[in-house]
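# Summary of the model geometry
Residues per chain, in single letters:
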Amino acid sequence: MQRWKYIIFAVVFGLFYGIIYTGTANEMLLSDIVLKMGFSEFALCGGNASYIGKIMLCFFPSVIFQVISGIELYRHFCTGSVYYFSRCINRKKWYLKEIINLYLDSTVYFIFLSLSFITVMGISADIHHNFREAIWLYLYYIVIFSLWNYFFSLLLNLTALYFRSNGGFAISLGIQMFFISCYVFFQEKLLLIYEGNTDSVRLMKLIPFSHLILSWHSSNNEKIDNLINIYGIDFNLNSSVILLIIADVIISFAGMIIIEKTDFILTNKETGGWMYETHRRKYSQNYTKENNSR
C-alpha cells in the first residue's frame, strides 16, 4: 500500500491541474503539454513577484510529495527505533534499500502525475503529436523532477532527525522558497538576459530552481532546442541532469554517515526521546545517590 499512496495522490493532482489548464488552448503540441508541467508558464519579466503564486501553484505537487515522503526514513527512528534497529544487522544495507525506494517513489509519483495531466489535456484539446521530441522532453521532465524531489525529501528526512519533522519540512521548503525568491531579488540583473548579458546567464544558471524550468534549457537536438531555449542561451538539459545526480549522490553519502552515527534513543524528538533520556539519566543519578546515602 505504501507506493499506492503516491500513485493516488499523483493521479488526483494530475487530474486537478489538467482541469485547471483545460481551455487554455484549443490546439497544442504534445511537447507543449510536457513543458507546461515543467514551469513553461514562467518567464523572466519586470514583474517576477507576480509569478510567485503561479510557480507555487505548479510546484505544489512537489511539496505534497516531499511532505508524504519526508518521514519515510525518519519514522524508523521514532517510537520503537531501538527494537527495530537492534534487529538490523547491516544499517548501510538498510539505508541503501530505503533511499532506492525513496527515488523509486519519486519517479513513480511524477510518472502518474504527468500521465494523468496529459490525459486530461488530451481530452480537452486538439493535440498535434510530435512524439519523438515530446518523449525526449518527457523523459527529461521525469528524471529532473524525480532527482530534485529525491534530494529534498532525503534532506527533510535527515534534518528531521535533529529538528523534528516540522523543523525538517521548514528547512527543506524554506531553501526551495529562497531559490524561487531569487528571481525577485535579482530581477533587474536577470532581465539583462534578453540583451545577451553573460553575467545574467550565469546568475540564472546559479539559481538551482532554474534546473526545473525546461523551457529555459537548450538541447543538442535542433528540433528539441527549437521547442525550448526561449532565451537562446547554452543551458543544456544534460548539464542539469548531471548536476542533480551529483547533488543526490553527495546527500546520499552524507545521509549514510548521519544514519551510521545516529543515537537511537536520542533521535525520537517527536515523542520526546531526548527528554526521556534526560529524565532517565537524572532518575538513575538520584537513585544511585539514595542508595549510596543508605
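These lines cover the structure that appears in this document, whether it is placed above or below. Predicted, not measured: the structure shown is a model, and the values here were computed from it.

Rules behind the numbers
Residues numbered from 1 in each chain as written. Predicted model: local features only at pLDDT ≥ 70, side-chain atom pairs only at ≥ 80, totals over all residues. Heavy atoms only, no water. Helix = DSSP H or I, 4+ residues; strand = E, 2+ residues; numbered from the N terminus. Buried < 20%, exposed > 50% of the residue type's maximum accessible area, 1.4 Å probe, protein only. Areas by Shrake-Rupley, 256 points an atom, 1.4 Å probe, with all protein chains shown as cover. Axes fitted to C-alpha atoms, helices over the stretch in contact; angles between N-to-C directions. Parallel < 35°, antiparallel > 145°, perpendicular 65-115°, else oblique. Left-handed = near helix turned anticlockwise from the far one by under 90°. Contact = heavy atoms within 4.5 Å. Phe/Tyr/Trp six-rings, centres within 6.5 Å; stacked < 30°, edge-to-face > 60°. 1 Å grid on protein atoms, 1.4 Å probe; cavity = no way out; pocket = protein on both sides within 12 Å on 5 of 7 lines; lining within 4 Å. Points joined across faces, edges and corners; volume = space filled by probe spheres on them. Nonpolar A, V, L, I, M, F, W, Y, C, P; charged D, E, K, R; others polar. Polar contact = N/O pair within 3.5 Å; in protein donor to acceptor, adjacent residues only side chain to side chain. Core = buried A, V, L, I, M, F, W, Y, C linked by side-chain atoms within 4.5 Å.

## A closer look at the overall build of the chain
Summing up its helical and strand segments, the chain has 12 helices and 2 strands in all. Reading the helices (α) and strands (β) of the chain from amino to carboxyl end gives α-β-α-α-α-α-β-α-α-α-α-α-α-α. Among the 294 residues that make up the chain, the fraction classed as buried is 49%. For the chain, the computed accessible surface area is about 15100 Å², with 64% contributed by carbon and sulfur atoms.

## Quick word on the packing of helix α2 (residues 30–37) against helix α6 (residues 131–185)
Put simply, α2 and α6 touch, their axes get as near as 8 Å, and they point 15° apart. Taken as axis vectors, α2 and α6 run roughly parallel relative to one another. Where α2 crosses over α6, the two elements pack in a sense that is left-handed. Contacts between α2 and α6 involve L30, S31, V34, L35 and M37 on the former and, on the latter, F131, A134, L137, Y138, Y141 and F145.

## Some points on the packing of aromatic side chains
In total, this model carries 26 aromatic pairs according to the counting rule given. Between F39 and F59, the ring centres sit 6.5 Å apart and the planes meet at 45°, which makes this aromatic pair tilted. With F39 in the loop between α2 and α3 (52–69) and F59 in helix α3, this pair connects stretches of sequence that are 20 residues apart. Take F39 and F59: they sit in the same class, and that class is buried.

## Structural notes on unusual backbone geometry
Look at F39: it is not a glycine, yet its phi comes out positive at around 65°. Of note in this structure, N229 is not a glycine but carries a positive phi near 50°. Structurally, N229 is set in the loop between α9 (222–227) and α10 (237–261). Taking relative accessible area as the criterion, N229 reaches 14% and is therefore assigned buried.

## Remarks on empty space enclosed by the protein
Taking a probe equal in size to a water molecule and rolling it over the atoms shows the remaining empty space. With the rule as written, the count across this model stands at 3 cavities of 30 Å³ or more. Lining of the largest cavity is provided by 14 residues; of these, M37, C58, P61, L113 and Y141 occupy positions nearest its centre. Considering only residue class, the lining of the largest cavity consists of 11 nonpolar, 2 polar and 1 charged.

## So, the side chain of N157
Within the fold, N157 resides in helix α6. A polar atom in the side chain of N157 sits 3.1 Å from the backbone oxygen of S69.

## Some thoughts on the nonpolar core
Within the largest apolar cluster, 76 residues are counted, with the highest numbers of intra-cluster contacts made by F39, Y109, Y141, Y183, F209 and W216. Where this core is concerned, the elements lending two or more residues are α1 (2–21), α2, α3, α5 (91–124), α6, α8 (198–206) and α10. With 21 residues, α6 is the largest single contributor of residues to this core.

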